[in-house]
Amino acid sequence: MRVVAWVAAFVALAALPFFLGSYHNDVYRKLLLWVALALGYNFLFGICGQVAFSHFAFYGIGAYGVVILLFQVGLPLPIAILLALLICVILALIVAIPATRLEGFYLALVTLALAQLFIVLLNEGGTVTGGAGGIANYRLPPIFGTRVSGPTYTLVIVALLMLTLALLWRLDRSWFGRACRAVRDNPEAAAAMGVDVARTKVIAFTLTSALAGMAGMVYAFVDNTVNPPIFGLENAFLILFMVIVGGAGRHAGAIIGAVLLFLLPFWLSPVVGHHHQLIFGALVVGAILLWPKGLVGIWDRFSR
Amino acid sequence: MQDFLELAVSATASGCIYGLMALAYLLMIRPTGIINFAVGEWAMVAAFGGHLLLSRWEWPYAAGMAVVILFMAILGSTTERMTVRPLVERGAPLLAPILALLGVLVVTREVISVSFPPDPMPVPFPFDIGRLELGPIGGSYQSFFIITVTALVFIGAWLFFEKTLWGKSFEAVALNRRAAALMGINLSRVTTLSFAGGAAVAGLAGLLVSPNVSAHYLMGVPLAIQGFTALVIGGVGRVEGAILGGLVLAFAEQLTSRYAPIPSGFAQGVPLVFLMIFLLVRPTGLLKVRA
Amino acid sequence: MRKWLAALLAAVSASVLAQETIKIGVITDRVGVSKPYSEPATEGVIFGVDEINRKGGVLGRRIELLIEDDQSRPDISAALARKLIDQGVVFIMSVSLSPATQQQQTVTMEAKTPQMTPMNSADYLTTQLDNPYFWQTGPLGSVQIATLLAHARTKNFRKVAVITDNSDLGQAIAKAFKGTLEKAGIQVVADEVIARGATTAMPQMQKIRAAQPEAIFLAGVLTAENVLIFRAYRELGVKFPIHSSYNLSVPIYETVAKGLVNGVTFVDAYDPEKAEVKAFEAAYKKATGKDPQNLHGYGYDGINLIADAIRRAGSTDKEKIRAAMQETDYAGVMGAKGMRYRFPAGKRVGFDPNGMVVRVYEKDKQGRVLHVGAK
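Here the structure is a predicted model, which is why all the values come from computation and not from measurement.

Student: Where do I start with the overall build of chain A in this structure?
Tutor: Check the secondary structure of chain A and you find 14 helices and 0 strands. Along chain A, from the amino end to the carboxyl end, the secondary structure elements read α-α-α-α-α-α-α-α-α-α-α-α-α-α. Here the C-alpha radius of gyration of chain A, 19 Å, is about what a compact globule of 304 residues would show, namely 19 Å. Referenced to the eigenvectors of the C-alpha coordinate spread, the extents of chain A come out at roughly 55 × 45 × 40 Å. Out of the 304 residues in chain A, the part that is buried amounts to 52%. Within chain A, residue pairs in contact and separated by at least 24 positions form 75% of the contacts whose partners lie at least 6 positions apart.

Student: Looking at this structure, I do not really get the overall build of chain C. What am I missing?
Tutor: In terms of regular secondary structure, chain C is built from 12 helices and 14 strands. Relative to the globule expectation of 21 Å for 375 residues, the C-alpha radius of gyration of chain C, 22 Å, shows essentially globular dimensions. Taking the principal axes of its C-alpha atoms as reference, chain C extends roughly 95 × 40 × 40 Å. Expressed as a percentage of its 375 residues, the buried residues of chain C come to 61%. Restricting to contacts in chain C with at least 6 residues of sequence separation, those with at least 24 account for 69%.

Student: What am I meant to see in the interface of chain B and chain C here?
Tutor: Interface size is commonly expressed as the accessible surface area that is lost when the partners come together. On the chain C side, the residues contacting the 28 residues of chain B number 31 residues. Elements supplying a minimum of two residues to the side of chain B that touches chain C: α1 (2–32), α8 (187–213), α10 (239–259) and α11 (264–267) of chain B. With 6 residues, the top contributor of residues to the side of chain B that touches chain C is α1(B). The class makeup of the residues in the side of chain B that touches chain C is 12 nonpolar, 11 polar and 5 charged.

Student: Explain the sheet that holds strand β13 (residues 357–362) of chain C to me, please; I cannot follow it from the model alone.
Tutor: For sheets, the rule is that strands pair by backbone hydrogen bonds, running either parallel or antiparallel. Residues and elements named next belong to chain C. Taken in spatial order, the 7 strands make up an open sheet running β7-β6-β8-β9-β10-β13-β14, and their pairing is mixed. Pairing within the sheet leaves two strands with one partner each, and these edge strands are β7 (187–194) and β14 (365–372). In this sheet, neighbouring strand axes are inclined to one another by 25° on average, regardless of whether the strands run parallel or antiparallel. Pairing of strand β6 (residues 159–165) with β7, which is carried by 7 bridges, proceeds in the parallel orientation. What sits directly across from T164, in β7, is V193. Contacts between helix α5 (residues 141–152) and the sheet are confined to β8 (215–218), β9 (242–244), β10 (265–268), β13 and β14, with β10 contributing the most and set at about 135° to the helix.

Student: How should I be thinking about helix α11 (residues 233–246) of chain A in this particular structure?
Tutor: Given 3.6 residues to a turn, an α-helix orients residues that are three or four positions apart in the same direction. All names here are of chain A. If you check α11, its first and last C-alpha atoms are 20 Å apart, about what 14 residues at 1.5 Å a residue would give, namely 20 Å. Here α11 lies mainly inside the structure; 12 of its 14 residues are buried. Residues N235, A236, F237, L238, I239, L240, F241, M242, V243, I244, V245 and G246 constitute the buried set of α11. Residue G247 follows α11 closely and has a positive phi angle near 125°.

Student: Is there a simple way to explain the domain arrangement of chain A in this structure?
Tutor: All names here are of chain A. Here chain A is described as being made up of domain 1 (3–231) and domain 2 (233–304). Taking the mean C-alpha position of each, domain 1 and domain 2 sit 20 Å from one another. Taken together, the contact between domain 1 and domain 2 spans 21 residues of the former and 18 residues of the latter. For the side of domain 1 that touches domain 2, the elements supplying multiple residues, two or more each, are α2 (22–47), α3 (55–71), α5 (106–124) and α7 (151–173). Here the element with the most residues in the side of domain 1 that touches domain 2 is α2; it accounts for 12 residues. For the side of domain 1 that touches domain 2, a count of residues per class yields 17 nonpolar, 4 polar and no charged.

Student: Is there a simple way to think about the domain arrangement of chain C in this case?
Tutor: Residues and elements named next belong to chain C. Split by domain assignment, chain C resolves into domain 1 (12–138 + 273–342) and domain 2 (142–268 + 357–372). Placing the centre of domain 1 and that of domain 2 at their C-alpha centroids yields a distance of 30 Å. Listed by partner, the interface residues are 11 residues for domain 1 and 13 residues for domain 2. Contributions of two or more residues to the side of domain 1 that touches domain 2 are made by α4 (98–111) and α11 (294–313).

Student: Explanation requested: the interface of chain B and chain A in the structure shown.
Tutor: The partner chain A presents 27 residues to the 29 residues of chain B that form the contact. Element by element, the count of residues in the side of chain B that touches chain A is highest for helix α4 (residues 95–115) of chain B, at 12 residues. Residue composition of the side of chain B that touches chain A, by class: 23 nonpolar, 5 polar and 1 charged.

Student: Got a minute to help me understand the sheet that holds strand β1 (residues 22–28) of chain C in this structure?
Tutor: Residue and element names in this part refer to chain C. Read across the open sheet, the 5 strands follow the order β2-β1-β3-β4-β5; overall the sheet is parallel. The strands lining the two open edges of the sheet, one partner per strand, are β2 (63–69) and β5 (134–136). Taken over all neighbouring pairs, the strand axes of this sheet differ in orientation by 20° on average, direction set aside. Direction of pairing for β1 relative to β2: parallel, over a ladder of 7 bridges. Across the sheet, residue K23 finds its bridge partner in β2, namely E64. Lying over the sheet, helix α2 (residues 35–54) contacts β1, β2 and β3 (91–94), oriented at roughly 165° with respect to β2.

Student: Help me understand the environment of V232(B) in this model?
Tutor: As for its placement among the helices and strands, V232(B) is situated in helix α9 (residues 220–234). C-alpha of V232(B) to C-alpha of P93(B): the two residues are 139 residues apart in sequence and 22 Å apart in space. When residues no more than four places from it in sequence are discounted, the contact partners of V232(B) are L109(A), L275(B), F278(B), L279(B) and G285(B).

Definitions and limits used
- Residues numbered from 1 in each chain as written.
- Chains lettered and ligands numbered in written order.
- Predicted model: local features only at pLDDT ≥ 70, side-chain atom pairs only at ≥ 80, totals over all residues.
- Helix = DSSP H or I, 4+ residues; strand = E, 2+ residues; numbered from the N terminus.
- Rg over C-alpha atoms; globule rule 2.2 N^0.38 Å.
- Buried ≥ 20, exposed ≤ 12 C-beta atoms within 10 Å, placed from the backbone.
- Contact = placed C-beta atoms within 7 Å.
- Nonpolar A, V, L, I, M, F, W, Y, C, P; charged D, E, K, R; others polar.
- Pairing = 2+ DSSP bridges.
- Axes fitted to C-alpha atoms, helices over the stretch in contact; angles between N-to-C directions.
- Expected span 1.5 Å × (residues − 1).
- Domains from an automatic or database assignment.

Here it is in structure tokens:
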């Protein structure tokens, strides 16, 4: 995309909150965060072919990390951010390096266990993590003397989203993206072509987990609350569903999937009552059986 | 010491439940390679079926149990035919049916949630609540019932794989699908049978565990994870691995809970840490595949 | 000319009477883990609103309920609170999980909109945030344990055990229990947790037995896991008494734990002998044809407390409602005989610390009241 298009998108997304009421603004910000998460997950799962359930755990590690470092350890904001990011990276490496030596589903299982372990630790964390009640009653410290909140904070979220998209877009088109796809489609052939399969997987996992962590840090100041239910395992399934239904492997797919599945419960509630989960499950099954390329695939077929 | 023996019975009973769930996975993984996480929801469906037939309509236990298990077998084969078969025939990558089955998991859970009130539902025991003392070993009737039934199922499964022609054909498909097809083994029939069997075994586990914990619609995911952990520990290669993995997991959980000097809350992390260690250090499980 | 004027007057007065309704928001859970508690409470609210509207409404206007489902997801809960505020509600009632109620508070504090929970019992809801627009009229965990202890005082316990589950509320109630027990000089010799999805509570119960307590205090709120605790208790043949939080007052235990709970005492905010309760049960049965549970009473009291505050405020101005709510002095369905909801000295917890009763399960049913209050 040309620079003009990027700038225009940024301006449009950033300006929108000034026209929306506070409720719609809230939904909008969370939607943007979910889109950012979906983009990262799509890179890991759709482009690199790795199934992992730890995306939300890293979202939580970033969020809790920055809050604990800022308010309990008392570090200044930039250092707290960097340190929290470092923790995400190190943890991702610890998980990815041994897991990628094994094939197939093992990363999925290790990350499944990690996601659950994270919640157990949060719940048992006593005064450090606030236990089952979480941590609340904090605010983003002033940046250069000004308090950033409300529609202005949405700017930060939009910036995060655009950076995530830009980064993943570039990577996708680079040799690294090609290596990831090669690993996804045929690891043996990829190895034969000289791709270091294990290293590619590790980098993809660590990178996307770090991005999830960054999104988490931004989230921490959206509701100014962090508690265990927000980062639970059900969300990991939801993000997987979003990417599948939207169309795995394509950024547009991740965006469409995230927007649809995030907003659907709000729209369906008055109509179907509360059984939108049923519809999601059915959508996923339908997507895999009937439209394996996801909604993006259907769009492509129409625009041909 | 008394405590330990008592705990041993309880851990064995829990280990049997985990083992049955692991067996359910195994029956489907061996011939097809598909990991079906919906087994947990299948166990839940059977539990609710048990509530309906045995508690609400008050059927005799053996009849109710048989009907529920039969229903589960049909449910399993229908699931296979509708969501797995089209993908396999299309030559879709292995990941596709696994993900589709995740969707089935959610759909199953929601269907049950819609059909029953939100509270946990009681499921009756086959025998009254009481204790059985066999020398120094004592436990509830239900624990011994679970252990006995599981033992029978595993013996049956072992005999199936070792001695029957069908069982051998499962093995053949597991080893090499194409060769098996060339040898005249009906692949689709094997797959359908494996799903029917997996569902029936998962359903049995649900029926056995629900008198103790009641039937409620969130019971599926924990069972699925416990079963899977047991499978990883024991190894996918052999039927005995499933029950071994289940027992190791249950004993580790309960012994840690009882004797380890760590706060109770952290004891929940034990099975998870176990799973992670096993995956990273010994992913093929405790028992090696037979050559 | 007269006819024309009469018609005009009629039209004007009709439009004045068909005035704006008073909008009250309810955030409940229809799909998630809180559903078994939120659903009956919401039904109680709906029944309460029908009754109020039939009797003429509040300040001559009808109450309009805007009900939202937060699916037990706290982040969605906060967004829904904003939605309700944008739609013009003057009060928000929270009948979902405690963390959801907490997350809604960040919004209501910012938007200066009154919010209350008639049911949540987590102690941290009024302490973690200093939100002058939030009130809690559910029975706190600390009140529950104080009442249980008062009943057990004659037995002079010195060593007890506490057992709970790993849910948010279970942990909060256990924390309240332990704090109060320790302050009363009673030693907590065992402190166990049953994880969600466990297949047995045997190891935890054995550990408790080995510590030889004189009683067990049950703080768990997950039905299936509580049933496991009762089973292990029976299987091990343990004899010391079980005293439970208000979770056991939910009638489902009569069916799902049949034969296991006789003799277990629990705190409840529902005294079936109270006149208001009998009137409520009769009216509810007449209107809906079904028998209400105690959970319905929480919702019913909640909406009546809100209506009472608005009446006393004399307007729908949020600040006036806030002031009026703080001055509440109301007798409802829940609570012991003679209990009144009050917010003493600027505090925002309205359930009288002496307002709970201790009941016991007899013959598989919730039985008589053994003790009233925390004295």
